[in-house]
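Structural features, examined
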Amino acid sequence: MFNKLLSTSLLLSAMSAPAFASDIETELKSANKSVSEKVIKWRRHLHQYPELSNREFETAKYVAKHLRSLGLEVQTGVAHTGVVAKLKGGKKGPLIALRADMDALPVKEQVDLPFASTQTTEYKGNTVGVMHACGHDNHVAILMAAAESLVKIKDNLAGDILFVFQPAEEGAPDGEEGGAELMLKEGLFKEKPEAIFGLHVTSSLNTGQIGFREGPLMASADKFTITVKGRQTHGSRPWNGVDPIVASSQIIMATQTIASRQVDVTKAPSVVSFGAINGGVRNNIIPDQVEMVGTIRTFDQDMRADIKKRLAKTAEMVAESGGAEAHVHIDHGYPVTVNDVELTKKMTPTLAGVVGKENLITTPLITGAEDFSYYALETPGMFFFLGVTPKGQDAVTAPSNHSPHFFADEKALQLGVNAMTQLVVDYLK
């Protein structure tokens, strides 16, 4: 009798599960279709009125107004201008998070659009144009649409969703904190989500394509300053002083062996690059000091720490060998962005279902950096790329993110909404 009851129970369970799945999928499809025109409208507004990092005041108001209209409890002023809202599903389940960054760049737009940005602002003492040259307007509009869709099907969601609209991904202004790190510092994950998802538009892929990879995806980014101090003298008598220019050139050459000879290149690639060298005022004066700045990029946190130590040691010892002094300062930037392997494996079929297996691209390692990495250090994260170069156009030669000519195909917006909402539904099933 027990076996018969058990068999009957299992049969009923098997019959009801697909029905539930079918219902929520139908509801989601309808909800996503209902925001297809709105997401374009929101994106155009955001594109036309961009704001720089930690100055996203009007953007935050625009987002918060929409979230409140959905009946969500909204928290504003997080990490200066961040906006956070929580949706409670109709059924008990885990909390997951969705993130979009909101800030623009000091770039004068050169794309001929009826909603092109004509905004200007003061940046480091100069009047500059402001443009969503990295495409964050798309991210915000997609998450606004995803929030509306998910609210419409909330009764069938077995869990809760945290919507995170983050300021200052491009970096806080000098002397300020900001971005993901500050949001976490202010308690964003006081109730820690079980997983977090984020996307980024890219001109490197065509509309209809999504790029991702398991494990390390984007590099860490650390800025360094090396000040080499010598002793000023006449250029015709270098032996009467200590030449910091020669010492600096030797430091540049020596530090290139860190990536090529000192760390295990089979483990992960790394880069040590110098971006500027400043010293001296005349052709016949050997100066007192030279300042150099550069960047370190790695895909492994342990290697990252090791390279920082090697850079300082190399600079100091090379300078000392010539009678100079080297003072190394490292600004610790964004960590490595790592896609949790287990989470990524679990959710890859979802992305394949959204775009088709043939349009799901395994991307190469990217030496650019992302502060989504801070979230992924706290909880399993998955970050992926949404192609926005129109079909038929060569994505390889398309203007890249951060270019004044960067262009995002609006047809990709709906795909972004579909991907984000489907990740939620599938994860919470």
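These numbers were taken from a predicted model, which means no experiment stands behind them. (Residues numbered from 1 in each chain as written. Predicted model: local features only at pLDDT ≥ 70, side-chain atom pairs only at ≥ 80, totals over all residues. Heavy atoms only, no water.)

Let's shift gears to the overall build of the chain. Looking only at helices and strands, the chain has ten helices and 18 strands in total. Taken along its principal axes, the extent of the C-alpha atoms in the chain is 100 × 55 × 45 Å. Classification of the 429 residues of the chain by burial places 52% in the buried group. In the chain, 82% of the contacts between residues at least 6 apart in sequence involve partners at least 24 apart. Total accessible area on the chain is roughly 20200 Å²; 52% of this is exposed by carbon and sulfur atoms. Across the chain, 43 positive and 49 negative side-chain charges occur, with their mean positions spaced 3 Å apart. (Helix = DSSP H or I, 4+ residues; strand = E, 2+ residues; numbered from the N terminus. Buried < 20%, exposed > 50% of the residue type's maximum accessible area, 1.4 Å probe, protein only. Contact = heavy atoms within 4.5 Å. Areas by Shrake-Rupley, 256 points an atom, 1.4 Å probe, with all protein chains shown as cover. Lys, Arg positive; Asp, Glu negative; His and termini not counted. Charge placed at Lys NZ, Arg CZ, Asp CG, Glu CD.)

Bridge count for strand β3 (residues 91–101) against strand β6 (residues 158–166) is eight bridges, and the pairing is parallel. Following the sheet pairing, Ile 96 is matched in β6 by Ile 161. One ladder, built from four bridges, connects β3 with strand β7 (residues 195–206); its direction is parallel. What sits directly across from Arg 99, in β7, is Gly 198. (Pairing = 2+ DSSP bridges.)

A few words now on the UniProt feature "domain: Peptidase M20 dimerisation" (unreviewed entry) in the chain. Sequence positions flagged by UniProt for "domain: Peptidase M20 dimerisation" (unreviewed entry) are, in local numbering, residues 223–316. Within the segment residues 223–316, helix and strand shares are 37% and 32% respectively, and the terminal C-alpha atoms sit 17 Å apart. (UniProt positions renumbered as here; feature names shortened; annotations may be inferred.)

General note: in soluble globular proteins, nonpolar side chains tend to be found buried as a group. Formed by 74 residues in total, the largest nonpolar core has its most connected members in Leu 67, Leu 157, Phe 163, Phe 165 and Phe 197. Ranked by residues supplied to this core, first place goes to helix α10 (residues 411–428) with eleven residues. Not counting residues within four places of it along the chain, the set of residues in contact with Leu 157 comprises Ile 24, Leu 87, Gly 89, Gly 90, Lys 91, Leu 150, Val 424, Val 425 and Leu 428. Among the nonpolar cores identified, the runner-up in size contains 26 residues, and Val 242, Ile 252, Ala 268 and Ala 324 belong to it. (Core = buried A, V, L, I, M, F, W, Y, C linked by side-chain atoms within 4.5 Å.)

We now examine the packing of helix α4 (residues 136–152) against α10. The interhelical angle for the contact between α4 and α10, taken along N-to-C directions, is 50 degrees, at an axis separation of 9 Å. Judged on the interaxial angle alone, α10 and α4 are oblique. Considering how the two elements wind past one another, α4 and α10 form a crossing that is right-handed. In this structure, α4 contributes Asn 138, Ile 142, Ala 145, Ala 146, Ser 149 and Leu 150 to the contact, and α10 contributes Leu 413, Gly 416, Val 417, Met 420, Thr 421 and Val 424. Partitioned by chemical class, the residues of the contact of α4 with α10 number eight nonpolar, four polar and no charged. (Axes fitted to C-alpha atoms, helices over the stretch in contact; angles between N-to-C directions. Parallel < 35°, antiparallel > 145°, perpendicular 65-115°, else oblique. Left-handed = near helix turned anticlockwise from the far one by under 90°. Nonpolar A, V, L, I, M, F, W, Y, C, P; charged D, E, K, R; others polar.)

The next subject is the packing of aromatic side chains. On inspection of all chains with the given rule, the structure shows seven aromatic pairs. Ring centres of Phe 224 and Phe 274 lie 5.1 Å apart, and the angle between their planes is 80 degrees; this geometry places the pair in the edge-to-face category. Here Phe 224 is found in strand β10 (residues 220–229), whereas its partner Phe 274 is found in strand β12 (residues 270–278), with 50 residues between them in sequence. Like Phe 274, Phe 224 is buried. Ring plane angle 85 degrees and centroid distance 5.8 Å describe the contact between Phe 383 and Phe 385, whose orientation is recorded as edge-to-face. Assigned by exposure class, Phe 383 and Phe 385 land together as buried. Pairwise contacts between aromatic rings join Phe 189, Phe 372, Tyr 375, Phe 383 and Phe 385 into one cluster. (Phe/Tyr/Trp six-rings, centres within 6.5 Å; stacked < 30°, edge-to-face > 60°.)

The α-helix winds at 3.6 residues per turn, so residues separated by three or four positions along the chain end up facing the same way. When the terminal C-alpha atoms of helix α6 (residues 244–262) are compared, their 25 Å separation across 19 residues agrees well with the 27 Å that a helix rising 1.5 Å per residue should span. Listing the buried residues of α6 in full gives Pro 244, Ala 247, Ser 248, Ile 251, Ile 252, Thr 255, Ile 258 and Ala 259. In an axial view of α6, the angular spread of the buried residues amounts to 145 degrees, which keeps them on one side of the axis. Seen from the buried face of α6, the exposed residues on the opposite side, beyond 90 degrees, are Met 253 and Arg 261. Buried positions along α6 lie against β10, β12, β13 (285–286), β14 (289–298), α7 (301–321) and β15 (325–331). Capping of α6 at its N-terminal end is provided by Asp 243; its side-chain oxygen lies 2.8 Å from the backbone amide nitrogen of Ile 245. (Expected span 1.5 Å × (residues − 1). Arc of directions from axis to C-beta. Polar contact = N/O pair within 3.5 Å; in protein donor to acceptor, adjacent residues only side chain to side chain.)

The next subject is the pattern of salt bridges. Throughout the structure, instances matching the rule amount to 19 salt bridges. Glu 191 is the salt-bridge partner of Lys 86, the closest N and O atoms lying 2.7 Å from each other. Residue Lys 86 is found in strand β2 (residues 82–88), and its partner Glu 191 is found in the loop between α5 (179–185) and β7; the two are separated by 105 residues along the sequence. The class for Lys 86 is partly exposed, based on a relative accessible area of 26%. Put simply, Asp 426 and Lys 429 hold a salt bridge, and the shortest N to O gap is 3.3 Å. By relative accessible area, Asp 426 is classed as partly exposed at 21%. Judged by relative accessible area, which is 55%, Lys 429 ranks as exposed. Taken together, the shared-partner salt bridges in this structure form one network comprising Arg 43, Arg 44, Asp 137 and Glu 410. (Salt bridge = Lys/Arg side-chain N within 4 Å of Asp/Glu carboxyl O.)

Attention now moves to the confidence of the model for the chain. Mean pLDDT over the chain stands at 95; residues scoring 70 or higher make up 95%. Put simply, helix α1 (residues 2–34) is where the chain has its lowest mean pLDDT, 64, and α4 is where it has its highest, 99. Counted against residues more than four places away or in other chains, residues 1–17, with its pLDDT under 50, gives zero contacts. (pLDDT = per-residue confidence, 0-100.)

So, on to the sheet that holds β2. The strand order across the open sheet built from eight strands is β1-β2-β6-β3-β7-β18-β8-β17, with neighbouring strands paired in mixed fashion. Among the strands making up the open sheet, the edge pair consists of β1 (73–78) and β17 (360–362). Averaged over neighbouring strand pairs, the angle between their axes works out to 25 degrees when direction is ignored. Lying on the sheet, α4 is in contact with β2, β3, β6, β7 and β18 (381–389); it crosses β3 at an angle near 160 degrees.

The residue Gly 280 is located in the loop between β12 and β13 in this model. Residues Gly 280 and Ile 245 lie 35 residues apart in sequence; the distance between their C-alpha atoms is 8.5 Å. Residues contacting Gly 280, with those up to four places away along its chain left out, are Pro 287 and Gln 289.

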